[in-house]
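# Geometric and topological summary
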Amino acid sequence: DAKMVLECRSFTLPQQFTPKYREPGNHNSGEDLLRTYLWRCQFLLPLVSLGLVVLAAFTGVCACLCRSLAPTLGIGILHLLAGLCTLATVCCYLAGMDLLHRVSMLPDKVDGSLGWSLYLALISSPLHMMAAALLVWAARSHSQSYYRMSAYRVA
C-alpha cells in the first residue's frame, strides 16, 4: 500500500523541461509528447510575452524621448503578439490539465479549481489586444495627418 504524501514543491529550471509520461510516475510507460510540449509552452510563452511587453515599453520610451510617433505601429504589433502569447499560454495550460486529468485522478484532499493567475491572464490578453488596436489606429491616423500636412506644405 503506497501512501500518498500531499505537499507543495517548487520545480527547478531543469525540472521544468523533464518529459511527461503516459502514466504519471511510471517511467516505463513511454513519453507523452503532447503533454510534454504543452507543459514547456506554458512555461516559456509567459516569458516571451513579458519580453515583448518590455521591448514595447522600451521602444515607447525611446520614441517619447525622440519625440517621434513613427514606432507606434511596431509597438502595437508587439502588444498584439504579447496578447497572443498570453492567450496561447492559457490554452496550453487548460489543454495540458485536461490531458493530465484524463490519465490520472485527483487525490481526495486536492482542490482542482482554477486559480487567480489564470483569470488575470484571461483579462490581460484582451487588454493587450485592445492596446495593440489603439496603437495601430494611432499610427495610422498619425501617418494620414502627416501626409495631409506634407501635401498642404507642398501646395
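Keep in mind it's a predicted model, so treat the numbers as computed, not measured. (Residues numbered from 1 in each chain as written. Predicted model: local features only at pLDDT ≥ 70, side-chain atom pairs only at ≥ 80, totals over all residues. Heavy atoms only, no water.)

## With respect to the overall build of the chain
The criterion, for reference: The way it works is that DSSP assigns letters per residue, a run of H or I at least four long becomes a helix, a run of E at least two long becomes a strand, and they are numbered from the N terminus. Three labels apply to residues, based on accessible area from a 1.4 Å probe with only protein chains included: buried if under 20% of the type maximum, exposed if over 50%, partly exposed otherwise in between. Contacts: residue pairs with any heavy atoms within 4.5 Å of one another. Surface exposure here means Shrake-Rupley accessible area, sampled with a 1.4 Å probe, where a residue is shielded only by the protein chains that are shown.
The secondary structure content of the chain amounts to four helices and zero strands. The proportion of buried residues among the 155 residues of the chain is 22%. Long-range contacts, defined as pairs at least 24 residues apart, comprise 65% of the intrachain contacts of the chain with a sequence gap of at least 6. Here the chain has roughly 11,500 Å² of accessible surface; of this, 68% comes from carbon and sulfur atoms.

## Remarks on the packing of aromatic side chains
Each aromatic ring pair is characterised by the separation of its centres together with the angle its planes make. Formally: Each aromatic pair joins two rings of Phe, Tyr and Trp (for Trp, the six-membered one) with centres within 6.5 Å, and gets the label stacked for planes under 30 degrees apart, edge-to-face for over 60, and tilted for any other angle. A positively charged side chain is recorded as over a ring if its NZ (Lys) or CZ (Arg) lies within 6 Å of the ring centre. The angle to the ring normal must also be within 35 degrees.
Summed over the entire model, instances satisfying the criterion amount to zero aromatic pairs. The aromatic ring of Tyr37 is capped on one face by Arg40, whose charged end is 5.2 Å from the ring centroid.

## Some points on the UniProt feature "transmembrane region" (unreviewed entry) in the chain
Going by this rule: UniProt positions are given in the numbering used here, feature names are shortened, and annotations may be inferred rather than shown by experiment.
Cross-referencing UniProt, the feature "transmembrane region" (unreviewed entry) maps to residues 43-66, 73-96 and 116-139 in the present numbering. As annotated, residues 116-139 comprises 100% helix and 0% strand, and the C-alpha atoms at either end are separated by 34 Å.

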